[in-house]
Amino acid sequence: MDRPGQELLQELAASRIAIEAVEPVINGGRFAAKAIVGERFRVEADIFCDGHEVIAAVLLHRRRGEASWHETPMRLTVNDRWRATITFDKVGHYEFSIRSWRDLFATWRAEVTKKHDAAQDISLDLREGRLLVEKALAEAAGSPKDRAALEALWDEIGSSPSEGDVLAVLISDDMSVLMRQLGPRANVTHGDTSFPVFVDRERAGFSAWYELMPRSQSGSADVHGTFDDVIDRLPYVRDLGFDVLYFPPIHPIGRTNRKGRNNSLTPAPEDPGSPYAIGSEEGGHDAIHPALGSFEDFERLVKAAADHGLEVALDFAIQCSPDHPWIKEHPEWFDWRPDGTIKFAENPPKKYEDIVNVHFYRDAIPGLWYALRDIVLFWLDKGVRIFRVDNPHTKPLPFWEWMIEDVRRVDPGAIFLAEAFTRPKMMKRLAKVGFNQSYSYFTWRNTKQELTEYLTELTREDCRHYMRPNFFANTPDINPYYLQTSGRPGFQVRLFLAATLGANYGIYNGFELCDAEALPGREEYLNSEKYEIRAWDWDQPGNIKADIAFINRLRRENAALRQFTNLNFYNAWNDAILYYGKFTDDLSNFLLFAVTLDPHHPQEAPFEVPLWEFGLPDDATVEADDLVTGQPFSWTGKIQHMFLDPHQRPFMAWRLIAPGASR
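Predicted, not measured: the structure shown is a model, and the values here were computed from it.

Cut-offs used in this document
Residues numbered from 1 in each chain as written. Predicted model: local features only at pLDDT ≥ 70, side-chain atom pairs only at ≥ 80, totals over all residues. Heavy atoms only, no water. Helix = DSSP H or I, 4+ residues; strand = E, 2+ residues; numbered from the N terminus. Buried < 20%, exposed > 50% of the residue type's maximum accessible area, 1.4 Å probe, protein only. Contact = heavy atoms within 4.5 Å. UniProt positions renumbered as here; feature names shortened; annotations may be inferred. Pairing = 2+ DSSP bridges. Axes fitted to C-alpha atoms, helices over the stretch in contact; angles between N-to-C directions. Parallel < 35°, antiparallel > 145°, perpendicular 65-115°, else oblique. Left-handed = near helix turned anticlockwise from the far one by under 90°. Nonpolar A, V, L, I, M, F, W, Y, C, P; charged D, E, K, R; others polar. Phe/Tyr/Trp six-rings, centres within 6.5 Å; stacked < 30°, edge-to-face > 60°. Lys NZ or Arg CZ within 6 Å of the ring centre and 35° of its normal. Salt bridge = Lys/Arg side-chain N within 4 Å of Asp/Glu carboxyl O.

A.B. asks: Hey, could you run me through the overall build of the chain in this one?
C.D. replies: Scanning the chain from terminus to terminus reveals 16 helices and 28 strands. Principal-axis analysis of the C-alpha atoms gives the chain an extent of 100 × 70 × 45 Å. Taken across its 663 residues, the chain has 54% of its residues classed as buried. Considering only intrachain contacts with a sequence separation of at least 6, the fraction spanning at least 24 residues in the chain is 75%.

Okay, here's the thing in structure tokens:
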């Protein structure tokens with residue numbers, strides 16, 4: 001006869017083991033943690049049980065929609081914290097969960113070993129051990145290979161002449177491994193739920209972006225550049241070591257309220273206007289500016305870029321010039337003032353008279369949502385798989401979550417970079433809803449304290465599981481004050497920081513020429529390419545092209561630089577020097593970096609060589625390579641000294657050789 005509460009009693013009794021504090025879990029599983037194909041994905045949890053029995057746990061994972069789970073054993077680290085790492089071999093949606101149980105055989109093994117060591121009678125214990133093995137064989141679980149191996153050990157037990165021989169087989173390492181897989185599991189407890197993971201292709205986690213304006217690639221400020229001109233520039237970008245070539249909008253540009261040079265309201269007839277004023281009688285977001293070329297030319301460019309090891313990224317800017325075809329075709333997608341005029345974009349005190357914004361609700365839903373998604377699918381069909389999204393924080397979060405997921409149904413390898421310089425929580429939410437990469441505050445973090453605190457947040461706090469920063473050193477919109485005042489050394493410093501602190505980073509062309517001429521008192525470029533066609537001398541004296549090629553080569557050759565959250569800051573006793581390292585889990589690739597943050601004066605400091613990371617004492621010797629000069633050397637002792645002259649060598653890079661390893 002059932003009693004009140006018996007169902008609850010049975011339910012609670014069945015889940016005897018506590019599974020808590022699972023990580024990574026984003027908003028309780030509302031959003032997916034991020035992973036990269038082929039990279040280690042680590043899961044941790046607090047797992048514990050009453051009493052002193054040995055427990056076991058496995059990490060379960062599967063592609064979303066699969067029926068069966070894959071098991072990976074978890075191991076106990078410290079203080080009831082368990083851990084397992086897995087890798088994913090395909091892009092797409094996955095989920096993981098945790099299962100734990102009381103391991104009867106492991107508990108028996110631990111107890112019988114203690115009794116044997118204490119010279120106690122273990123005859124009955126041996127019978128118990130044999131029964132557990134017999135039960136495992138009777139249940140016929142596990143793979144045929146494991147079962148056959150366990151049967152062989154069972155036969156060996158049967159032929160053993162003495163208790164000592166039986167014990168030796170039962171407590172052997174081989175038996176322990178097999179019984180962990182096949183042995184009886186008591187009080188099996190499942191995690192409360194499964195948690196999502198989205199697995200990206202490698203370029204989402206490791207990329208070097210080069211941004212250029214296609215219309216400025218002819219070599220003459222009087223001639224509008226074409227896609228063929230960009231094709232001619234591909235060897236240059238490739239040789240600098242970049243793998244993503246990013247274009248601002250390439251669509252027709254409106255004429256109404258067209259901006260002139262330096263964002264003036266009085267353009268000359270020949271002024272090309274801002275590429276962000278998208279749309280004219282020649283088309284909108286699914287059209288190409290006629291002066292750049294045809295779709296056939298663009299597709300030829302995409303193929304040529306791929307042949308040079310480059311992937312083309314396009315700007316996805318959800319805004320329209322007053323001449324955009326949508327305004328006549330879909331007036332319900334826009335805001336109109338009481339006098340019947342269209343409402344222009346504003347961000348007081350800034351005004352953008354040459355563009356208008358769409359709105360996403362009222363009569364715009366769902367038509368506008370589908371139209372914007374279809375634009376992305378249109379360019380996917382043209383071979384573009386990377387999109388830098390302009391100001392996503394001014395558009396609804398539900399739209400991005402829906403649109404990115406819908407695009408992933410067509411191409412789960414599509415990459416979206418969020419250009420959102422806004423409030424931290426909004427930046428992080430955009431990453432949660434699906435953006436693969438995110439702009440960051442790196443551009444404005446200049447001091448040692450600022451950089452250390454910000455990078456520690458990005459690599460140690462929960463956001464490390466879902467937010468991948470892309471450290472752009474400059475953009476067409478941002479000419480940082482640091483670069484305006486630091487000269488050539490400042491460009492070397494910011495390049496080195498962006499490329500070695502971040503796994504994703506980018507520069508906008510002109511950076512390699514140390515271009516920093518600014519509008520007075522503004523973080524904006526004088527004679528900005530946003531409003532005029534420019535011609536560049538790519539070989540002008542004082543350029544840092546050699547530094548860029550060198551640093552990008554370091555990134556390609558060193559596995560530690562392909563990761564982001566493996567960053568560690570070390571002690572260098574000078575606030576003008578940032579000193580840090582990155583290394584792989586197995587210590588086979590261990591890099592140290594030092595950068596002066598003072599672009600004007602020499603700086604020096606004593607610093608610590610992190611011998612402890614190799615388990616070495618403070619007076620040990622470690623072999624190293626100077627990656628800038630290529631010279632091998634050694635350090636003896638933890639405390640060493642560095643000197644950095646910004647006008648000669650503003651950064652240092654070393655590779656430490658693990659003890660016993662070869663160069």
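A.B. asks: Quick question: what am I supposed to make of the UniProt feature "active site" (unreviewed entry) in the chain here?
C.D. replies: Under the local residue numbering, the UniProt record ascribes the feature "active site" (unreviewed entry) to Asp390 and Glu419. What stands out for the annotated residues spanning 30 residues is how close their C-alpha atoms remain, the widest pair being 5.4 Å apart. Discounting residues that sit within four places of it in the chain, Asp390 has contacts with Tyr276, Asp315, Phe316, Ala317, Gln319, Lys395 and Glu419. Relative to the elements of secondary structure, Glu419 occurs in strand E17 (residues 415-419). Looking at Glu419, the relative accessible area reads 7%, which means it is buried. What Glu419 contacts, discounting residues up to four positions off in sequence, is Arg388, Val389, Asp390, Asn391, Pro392, His393, Tyr439 and Asp477.

A.B. asks: Help me understand the sheet that holds strand E21 (residues 567-569), please; the structure alone is not making it clear to me.
C.D. replies: Sheet strands associate in pairs through backbone hydrogen bonding, adopting either a parallel or an antiparallel arrangement. Strand order in the open sheet made by the six strands is E21-E22-E23-E28-E25-E26, with antiparallel pairing throughout. Looking at strand neighbours, the two that pair on one side only are E21 and strand E26 (632-636), the edges of this open sheet. Taking the axes of each pair of neighbouring strands and ignoring which way they run, one obtains an average angle of 30° across the sheet. Across the sheet, helix H14 (residues 448-460) touches E21 and strand E22 (577-583), and the angle it forms with E21 is around 145°.

A.B. asks: Would you take a moment to explain unusual backbone geometry for this structure?
C.D. replies: Only a minority of non-glycine residues have a phi that is not negative, and only a minority of peptide bonds are not trans. Cis geometry marks the peptide bond from Glu23 to Pro24; its omega dihedral reads 10°. Within the secondary structure, Pro24 sits in the loop between strand E1 (18-23) and strand E2 (33-36). For the bond running from Ile365 to Pro366, omega is 10°, close enough to zero to count as cis. Inspection of the secondary structure assignment puts Pro366 in the loop between strand E15 (350-356) and helix H11 (367-381). Not every positive phi belongs to a glycine, and Asn263 is a case in point at roughly 65°. Within the secondary structure, Asn263 is located in the loop between strand E12 (244-247) and helix H9 (295-307).

A.B. asks: What should I look at first to understand the pairing of strand E6 (residues 75-78) in this one?
C.D. replies: As judged from the three bridges shared by E6 and strand E7 (residues 81-86), these two strands associate in the antiparallel manner. Of the residues in E7, the one forming a bridge with Val78 is Arg81.

A.B. asks: Sorry if this is basic, but what is going on with the environment of Leu76 here?
C.D. replies: Looking at the element boundaries, Leu76 is found in strand E6. Residues Leu76 and Trp209, 133 residues apart in the sequence, show an inter-C-alpha distance of 41 Å. Other than its neighbours up to four places away in sequence, Leu76 contacts Arg81 and Trp82.

A.B. asks: I'm lost on the packing of helix H3 (residues 123-139) against helix H5 (residues 163-170) in this one. Help?
C.D. replies: Between two packed helices, both the angle of their axes relative to each other and the distance between the axes serve to describe the pair. The geometry of H3 relative to H5 is characterised by a closest axis approach of 11 Å and an angle of 40° between their N-to-C directions. By the angle between their axes, H3 is oblique relative to H5. When you trace H3 past H5, the crossing you get is left-handed. Between H3 and H5, the residues in contact are Ser123, Leu126, Gly129, Arg130 and Val133 and Glu163, Val166, Leu167 and Leu170, respectively. Here the residues of the contact of H3 with H5 sort into five nonpolar, two polar and two charged.

A.B. asks: Can you help me understand the packing of aromatic side chains in this one?
C.D. replies: The geometry of an aromatic ring pair comes down to the distance between the two centres and the angle between the two planes. Throughout the structure, instances matching the rule amount to 51 aromatic pairs. An angle of 35° between the planes, with centres 4.9 Å apart, marks the rings of Phe590 and Phe614 as tilted. Within this pair, whereas Phe590 is found in strand E23 (residues 590-596), its partner Phe614 is found in the loop between strand E24 (603-608) and strand E25 (621-626), the two being separated by 24 residues in sequence. Accessibility classification places Phe590 together with Phe614 in one group, the buried group. Residues Phe607 and Trp635 carry aromatic rings whose centres are separated by 5.6 Å and whose planes lie at 75° to one another, so their mutual orientation is edge-to-face. Of this pair, Phe607 sits in strand E24 while Trp635 is found in strand E26, placing the two residues 28 residues apart along the sequence. Here Phe607 matches Trp635 in class, with each residue buried. In textbook terms, an aromatic cluster arises when at least three aromatic residues are bridged by ring pairs, as seen for Phe316, Phe360, Tyr361, Trp369, Tyr370, Phe387, Phe399, Trp400, Trp402, Phe416 and Phe435. Here the guanidinium or amino end of Arg130 rests over the ring plane of Trp154, the centre of that ring lying 5.9 Å away. The positively charged end of Arg185 is found above the aromatic ring belonging to Trp101, 3.6 Å away from the centroid.

A.B. asks: What should I look at first to understand the environment of Val622 in this one?
C.D. replies: Residue position: Val622 is located in strand E25. Taking relative accessible area as the criterion, Val622 reaches 2% and is therefore assigned buried. Through-space distance from the C-alpha of Val622 to that of Arg468 is 33 Å; in sequence the pair is 154 residues apart. The contact partners of Val622, leaving out residues within four places of it in the chain, are Val609, Leu611, Phe633, Ser634, Trp635, Leu656 and Ile657.

A.B. asks: Is there a simple way to think about the pattern of salt bridges in this case?
C.D. replies: In a structure, side chains of opposite charge can pair up when their charged atoms sit close to one another. Throughout the structure, instances matching the rule amount to 49 salt bridges. In this structure, Glu608 and Lys638 form a salt bridge, with 3.4 Å as the shortest nitrogen-oxygen distance. Of the two residues, Glu608 is situated in strand E24 and Lys638 in the loop between E26 and strand E27 (639-644); the sequence distance between them amounts to 30 residues. Lys638 carries the same exposure label as Glu608, and that label is buried. When the shortest N-O distance is used, the salt bridge between Asp626 and Arg649 registers 2.8 Å. Of this pair, Asp626 sits in strand E25 while Arg649 is found in the loop between E27 and strand E28 (651-657), placing the two residues 23 residues apart along the sequence. One network of salt bridges, in which partners are shared, links Arg42, Glu44, Asp46, Arg81 and Arg83.

A.B. asks: Would you mind going over helix H13 (residues 424-433) with me for this structure?
C.D. replies: Because the α-helix completes a turn every 3.6 residues, residues three or four places apart line up on one side. Counting buried positions along H13 gives seven out of ten residues, so the element sits mostly inside the fold. Met426, Met427, Lys428, Leu430, Ala431, Lys432 and Val433 are the residues of H13 that are buried. Each element contacted by the buried residues of H13 is listed here: E2, helix H12 (397-410), strand E18 (437-438) and H14. The positive-phi residue at the C-terminal boundary of H13 is Gly434, with phi of around 145°.

A.B. asks: How do you make sense of the sheet that holds strand E20 (residues 504-508) when you look at a structure like this?
C.D. replies: One open sheet accounts for eight strands, arranged E18-E17-E16-E13-E12-E11-E20-E19; its pairing is parallel. Each edge of the open sheet is held by one strand with a lone partner, namely E18 and strand E19 (470-472). The pairing of strand E16 (residues 386-390) with E17 spans five bridges and is parallel. Following the sheet pairing, Val389 is matched in E17 by Ala418.

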